[in-house]
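What follows is the residue order along each chain.
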Amino acid sequence: MYNVLIIDDEEPLREAIRIIGDWDRLGIEHIYEATNGRSGLELLGQHPIDVVMVDMKMPELNGIEFLRAIEKAYPHLLTIVISGYNDFEFTRQAIQSRVVDYLLKPINRQDLNQALRKAVDILESREQSKNKSISQNITLNMSLPKLKEKLYLSILDGSFKRQANTALLPLIGADQPGNRFGVIVLRLLNRDEIRRTRFHGDVDLMDFAVTNVLAQTSDERLSCFSFPHPRREREVISICTLAPGHEEHMSLLLAQVAQKAVVNLHGLFCMVVAAGVGKLCTDVVELASAYRDAKTLIHSTDVLKLEGESILHTVPRQMATSEEMSWTEQLLSIQKDAQTGQANRAKVLLGDLLKQLATGPVFRLQDADRLMREFHFLLKEAAIELGASTSALNQDGALEEPEHVGESDLSADFTSFVHYGQRLNRMLELYIAGVQHAQAGNQPFDITDIKRHIDRYYFEDIKISFFAETYFLSREYLMKLFKQQFGYGIHEYVQKVRMDKAKELLGDSSLKIQEISDMLGYKDKNYFSKAFRNYYQVSPSEYRVSLQ
């Protein structure tokens with residue numbers, strides 16, 4: 001199964017691609033969306049993407065800049081260009097050697113699925129050729145650092161097979177019997193704040209800076225290879241290799257490297273981290289166990305003792321076992337009160353829960369993460385049930401900001417227990433505000449209001465987000481309700497109204513096709529003509545002739 005990313009600033013085009021793509025037949029499992037090249041790069045860092053469909057004209061980071069950015073970072077990535085009529089030939093010339101295919105707007109079903117079939121054929125061909133020489137695989141599909149990262153990750157997650165990867169072992173020094181290995185894991189506690197204030201929101205730049213600091217802590221005795229975990233956005237891993245001759249000092253060296261990294265990250269970027277050092281290994285495969293040890297140490301961090309400063313855990317260390325904490329009944333009570341309009345009581349109950357945690361013997365970081373995830377899940381489920389907007393509560397552990405709320409208010413950062421309590425209270429406030437907005441109207445919501453708006457303003461740039469903000473309802477809820485009521489998706493219905501109106505206007509011979517295009521809200525005559533042909537299988541001119 002493969003994953004596709006669609007990058008285009010026009011929501012109707014992204015919606016159309018989702019509708020007309022033969023995703024199941026092509027073996028495509030997940031479809032991600034981004035509105036510009038910069039957010040597209042962020043998604044590439046968060047998800048395993050196989051094919052990217054990218055528009056050439058976008059705000060912030062356009063298609064050409066995006067393609068240049070991924071050339072080295074993702075050399076294996078397949079791209080399909082989406083281009084307007086006027087810049088199509090320029091695009092073909094500029095990136096001729098990089099793309100799988102070129103799609104001219106507006107996109108039709110046949111062209112889209114042919115292009116996707118080309119990409120899937122290439123991916124399947126790559127899969128079939130995996131047994132070819134390692135050197136050829138490296139050259140064609142990935143850079144050396146990325147290969148090392150993937151190799152280490154396979155070791156850490158337990159999927160590494162020594163026999164199948166013998167040729168790769170020299171890349172990480174695992175072919176030398178005398179080498180020793182260790183692992184340092186960092187949990188970035190104020191990651192969102194530092195990304196925003198020190199790196200202008202650029203995640204890739206921040207990750208580079210952090211790994212660069214870790215690299216500078218290495219010396220001739222101990223070399224470190226560091227990388228952010230691709231599926232855990234607050235985690236950075238550093239694999240350390242010690243050549244023969246310093247075995248008796250390796251525990252001390254590892255602790256020194258970790259301590260230096262923690263100090264440097266705070267001194268350079270004011271970054272607060274919880275760090276754990278795993279046990280020493282004589283075999284690289286044992287790093288999986290060392291990694292689990294380091295994560296366990298980090299998870300054992302007592303949030304009650306966090307005071308805005310970094311903390312380093314080293315081994316060996318005796319850790320007392322503790323029973324898993326339970327707060328299910330309290331969270332359900334908070335959810336019920338918030339859902340039924342008892343906002344003040346819900347806040348009091350949350351305050352009581354936080355007081356209970358604050359007076360306990362210990363509140364581990366692992367428990368803090370679990371509580372935040374469970375609280376977020378209950379609030380989001382309740383919001384969906386009520387049809388309230390969930391735009392501010394859309395991801396576990398990382399809250400996305402609506403336009404009227406500051407990003408710092410929605411971050412999942414916390415560097416102290418007080419800070420942690422503020423995050424939970426902010427989540428509750430956002431949920432309560434969403435419910436109040438959804439229930440605030442004097443008149444009940446009627447889905448036909450949206451249909452009437454489209455019938456009247458079909459020539460405007462109609463966005464589902466406009467309706468979601470107007471009625472304080474989620475985008476998914478509106479789309480589902482409209483489809484159930486009228487048998488069309490919202491963007492499908494906009495297209496139907498425009499095409500019906502186009503037929504009517506083409507019957508007036510005094511109107512030029514360019515004038516009709518303008519009246520229907522299309523950007524230019526060529527865009528309108530192709531949209532009409534895709535819908536009716538004849539061009540506007542041919543249809544007009546058929547009326548005579």
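Reading the values: the criteria
- Residues numbered from 1 in each chain as written.
- Predicted model: local features only at pLDDT ≥ 70, side-chain atom pairs only at ≥ 80, totals over all residues.
- Heavy atoms only, no water.
- Pairing = 2+ DSSP bridges.
- Helix = DSSP H or I, 4+ residues; strand = E, 2+ residues; numbered from the N terminus.
- Axes fitted to C-alpha atoms, helices over the stretch in contact; angles between N-to-C directions.
- Contact = heavy atoms within 4.5 Å.
- Buried < 20%, exposed > 50% of the residue type's maximum accessible area, 1.4 Å probe, protein only.

J.: Lay out the sheet that holds strand β9 (residues 273–277) in plain terms, naming residues and giving numbers.
T.: With mixed pairing, five strands are arranged side by side in an open sheet as β7-β8-β6-β9-β10. The open sheet has two edge strands with one neighbour each: β7 (222–228) and β10 (311–313). Averaged over all neighbouring strand pairs, the angle between strand axes comes to 20 degrees, with direction disregarded. As defined by bridge partners, strand β6 (residues 180–188) adjoins strand β8 (residues 235–242) across eight bridges and the pair is classed as antiparallel. In the sheet register, Leu186 faces β8, and the bridge partner there is Val236. Each of β7 and β8 touches helix α8 (residues 144–156); the most contacted strand, β7, lies at about 90 degrees to it. Relative to β6, helix α12 (residues 287–299) is tilted by about 30 degrees, and along the sheet it contacts β6, β8, β9 and β10.

J.: Describe the environment of His376, naming the residues involved and giving the relevant values.
T.: As for its placement among the helices and strands, His376 is situated in helix α15 (residues 365–386). For His376, a relative accessible area of 3% puts it in the buried group. For the pair formed by His376 and Met427, sequence separation is 51 residues and the distance between their alpha carbons is 7.3 Å.

J.: Lay out unusual backbone geometry with the relevant residues and their values.
T.: With an omega dihedral of -10 degrees, the bond running from Lys105 to Pro106 counts as a cis peptide bond. For Pro106, the location among the structural elements is in the loop between β5 (101–104) and α6 (109–128). We note that His200 has phi near 55 degrees; this positive angle belongs to a residue other than glycine. With respect to the helices, strands and loops of the structure, His200 is situated in the loop between α9 (191–198) and α10 (203–216). In this structure His200 comes out as exposed when scored by relative accessible area, which is 75%. Although it is not a glycine, Gln537 adopts a positive phi angle of roughly 65 degrees. On the secondary structure map, Gln537 appears in the loop between α23 (525–536) and α24 (540–547). Gln537 gets classed as exposed once you look at its relative accessible area, which sits at 58%.

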